[in-house]
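Chain by chain, the residues:
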Amino acid sequence: MSPTVEDSISLPAPVLAAYSYCETVTGSEARNFAYGIRLLPVAERRAMSALYAFSRRVDDIGDGTLAPEVKADRLGATRDILDRIRDGKIDEDDTDPVAVALADASRRFPIPLSGLDELIDGVLMDVKGVTYETWDDLKLYCRCVAGAIGRLSLGIFGPAPGAPQTEKAAEYADTLGLALQLTNILRDVREDAGNGRTYLPADDLAKFGCSDGFDGPHPPAGSDFPGLVHFEVRRARALFAEGYRLLPMLDRRSGACVAAMAGIYRRLLDRIERDPLAVLRGRVSLPGHEKAYVAVRGLSGFDARQIGRQAGRRRA
């Protein structure tokens, strides 16, 4: 059974302080994510903030300027913290607020913590400089760094009782995570190139004459960069269409949370599709009023109802 609001209010002061720290991290570092989770009940929102804060720590290690061997050591130490959480060895007065919050969340919700092991594995791929020849190769990475987050989140807000086909919920959550990550990769293509990383599959880059990479505001000479972007946008849209089948399986507020987060990324994808070269000029983002509109649309249940009708037509 999910914890009630009263349960969360009665938490010990050190645990409440730990959750507050995680919510501050989430609000300042992940505005798209924060727009979605603010639609959840208090206990679920706090648990999602703890999940994000731990994930952010892993990402920050991978994205930092330390030497690869130092990054690998720190990721190993972070995995040790995860093992302590798993083994129930984090006390409420531990000096690490993220560990305290995540430990409490994992006691209250059936969070599959192995998903955070997958996240660490994915960031280790970055540290080692792994490149991706095909979409199947990239998909493995995306499942580690984003699909796993979808499955972890499902452990917090889970399918609604009596929802149909819930045995496929984890699969849809995973696929929705892939859609979000591919959108991220398109949005950040120049920033990643500046950090020496190329995520788009090498065979896709070759197909559109983009194998020389993206080191400036203009695509490689003679390339079909818009064609590459539109190709990847179509792939992301197919993933969104499959992953959105999760929505009718969730209760109203959980569905609103997922619809808001996914809706923001779908709108980013729309912007990228309309102006592919924008991702080489700077970071594509949505204004606050548009994010708020997406959140209201999610809270109304419109997206969940629409997907439910489409699923009903397919079954008919």
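To start, this report covers the structure provided alongside it.

## Digging into the side chain of Asp 204
Here Asp 204 lies in helix α11 (residues 202-207). Ignoring anything within four residues of it in the chain, the contact list for Asp 204 reads Leu 228, Phe 231, Glu 232 and Arg 235.

## What to know about the packing of helix α4 (residues 42-63) against helix α7 (residues 114-128)
Contact pair α4 / α7: the axes reach a minimum separation of 9 Å and the direction vectors enclose 20 degrees. When the axis of α4 is compared with that of α7, the two are roughly parallel. Every pair of crossing elements has a handedness; the one defined by α4 and α7 is right-handed. Where α4 abuts α7, its residues Leu 51, Phe 54, Ser 55, Val 58, Asp 59 and Gly 62 lie against Leu 116, Leu 119, Ile 120, Val 123 and Val 127. In terms of residue class, the contact of α4 with α7 is built from eight nonpolar, two polar and one charged.

## Notes on the packing of helix α2 (residues 13-29) against α4
Look at α2 against α4: their axes get within 8 Å of each other, and the N-to-C directions meet at 65 degrees. What the angle tells us is that α2 and α4 run roughly perpendicular. Crossing handedness for the pair α2 and α4: left-handed. Of the residues in α4, those in contact with Leu 16, Tyr 19, Cys 22, Glu 23, Val 25, Thr 26 and Glu 29 of α2 are Arg 45, Arg 46, Ala 47, Ser 49, Ala 50, Tyr 52, Ala 53 and Arg 56. Looking at the contact of α2 with α4 residue by residue, the class counts come to eight nonpolar, two polar and five charged.

Criteria and cut-off values
Residues numbered from 1 in each chain as written. Predicted model: local features only at pLDDT ≥ 70, side-chain atom pairs only at ≥ 80, totals over all residues. Heavy atoms only, no water. Helix = DSSP H or I, 4+ residues; strand = E, 2+ residues; numbered from the N terminus. Contact = heavy atoms within 4.5 Å. Axes fitted to C-alpha atoms, helices over the stretch in contact; angles between N-to-C directions. Parallel < 35°, antiparallel > 145°, perpendicular 65-115°, else oblique. Left-handed = near helix turned anticlockwise from the far one by under 90°. Nonpolar A, V, L, I, M, F, W, Y, C, P; charged D, E, K, R; others polar.

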